[in-house]
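# Chain and residue survey
One-letter residues, chain by chain:
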Amino acid sequence: MRVFRAFIVLLALGMAHAASADTCSDIVDANVAEMRAGSSEWSSDVEQLIRAASGSACVKLLSSRYGELGSDSRCEQVIEDTVAEIRAGASGWWSGVHEQIVKTSAASACIKA
């Protein structure tokens, strides 16, 4: 009986993880489509930045890491952490435009998640 219960718990956790991955994938795709539609200039670099920021923010939001904060505080913290994370990975190409793209992508993911 214990093995059966453990199996059910693991199965539920696996389903929750898959649902989270699907949710984030949908959010990333929606953000790319929205930002592409509103852009006068588009490049694969911009799309990659939007995907990275949206996906990172979505995963953070769906984790329990930020669960103790209120909704507004949680989004603010996720945006701040996402910007810091992506800025840290940038090697010499970071600008104010990039920061705004990341902030907008993370904020949009926060609204959708």
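Above this note sits the structure.
Now for a description of the structure that goes with this document.

About the cut-offs
Residues numbered from 1 in each chain as written. Predicted model: local features only at pLDDT ≥ 70, side-chain atom pairs only at ≥ 80, totals over all residues. Heavy atoms only, no water. Helix = DSSP H or I, 4+ residues; strand = E, 2+ residues; numbered from the N terminus. Buried < 20%, exposed > 50% of the residue type's maximum accessible area, 1.4 Å probe, protein only. Contact = heavy atoms within 4.5 Å. Salt bridge = Lys/Arg side-chain N within 4 Å of Asp/Glu carboxyl O. Disulfide = S-S within 2.5 Å. Phe/Tyr/Trp six-rings, centres within 6.5 Å; stacked < 30°, edge-to-face > 60°. Core = buried A, V, L, I, M, F, W, Y, C linked by side-chain atoms within 4.5 Å.

### As for the overall build of the chain
- In terms of regular secondary structure, the chain is built from four helices and zero strands.
- Listed by position from the N terminus, the elements making up the chain come as α-α-α-α.
- Burial analysis of the chain (113 residues in total) assigns 27% to the buried set.
- Summarising the internal contacts of the chain: among those between residues at least 6 apart in sequence, 59% fall at separations of at least 24.

### Here's the deal with the pattern of salt bridges
- Enumeration over the complete set of coordinates arrives at eight salt bridges.
- A salt bridge links E34 to K112; the shortest N-O distance between them is 3.0 Å. Here the residue E34 occupies a position in helix α1 (residues 2-37), and K112 occupies one in helix α4 (residues 96-112), the gap between them amounting to 78 residues.
- On the basis of relative accessible area, E34 is assigned to the partly exposed category, the value being 46%.
- The shortest N-O distance in the salt bridge between K103 and E99 comes to 3.5 Å. Of this pair, K103 and E99 both sit in helix α4, separated by four residues, roughly a single helical turn.
- What makes K103 partly exposed here is its relative accessible area of 33%.
- Connected through shared salt-bridge partners, D29, R36, E47 and R51 make up one network.

### Looking at the state of the cysteines
- Taken as a whole and assessed by the stated rule, the structure comprises two disulfides.
- Residue pairing for C24: its cysteine sulfur links by disulfide to C58, the two sulfurs lying 2.1 Å apart. Around the S-S axis, the bridge from C24 to C58 shows a dihedral of about -90 degrees and counts as left-handed. Placement of the pair is C24 in helix α1 and C58 in helix α2 (residues 44-62), with a sequence separation of 34 residues. C58 carries the same exposure label as C24, and that label is buried.
- One disulfide bridge connects C75 with C110, the sulfur atoms lying 1.5 Å from each other. With the S-S bond torsion at -70 degrees, the cross-link from C75 to C110 turns out left-handed. Here C75, found in helix α3 (residues 71-89), pairs with C110, found in helix α4; they are 35 residues apart in sequence, far enough to count as distant.

### Digging into the packing of aromatic side chains
- Across all of its chains, the model carries one aromatic pair by this definition.
- A ring pair is formed by W93 and W94, whose centres lie 6.0 Å apart and whose planes are at 50 degrees; its orientation type is tilted.

### Quick look at the side chain of S105
- By the element assignment, S105 lies in helix α4.
- Among all residues touching S105, those that are not within four sequence positions of it are N31, M35, I50, A53 and S54.

### Overview of the nonpolar core
- One finds L49, A57, V78, I86 and V102 to be the most contacted residues of the largest nonpolar core, which totals 20 residues.
- At the level of elements, α1, α2, α3 and α4 are the ones that each hand at least two residues to this core.
- Looking at this core, the element that brings in the most residues is α2, giving six residues.
- Setting aside its immediate chain neighbours within four residues, V78 contacts A57, K60, L61 and Y66.

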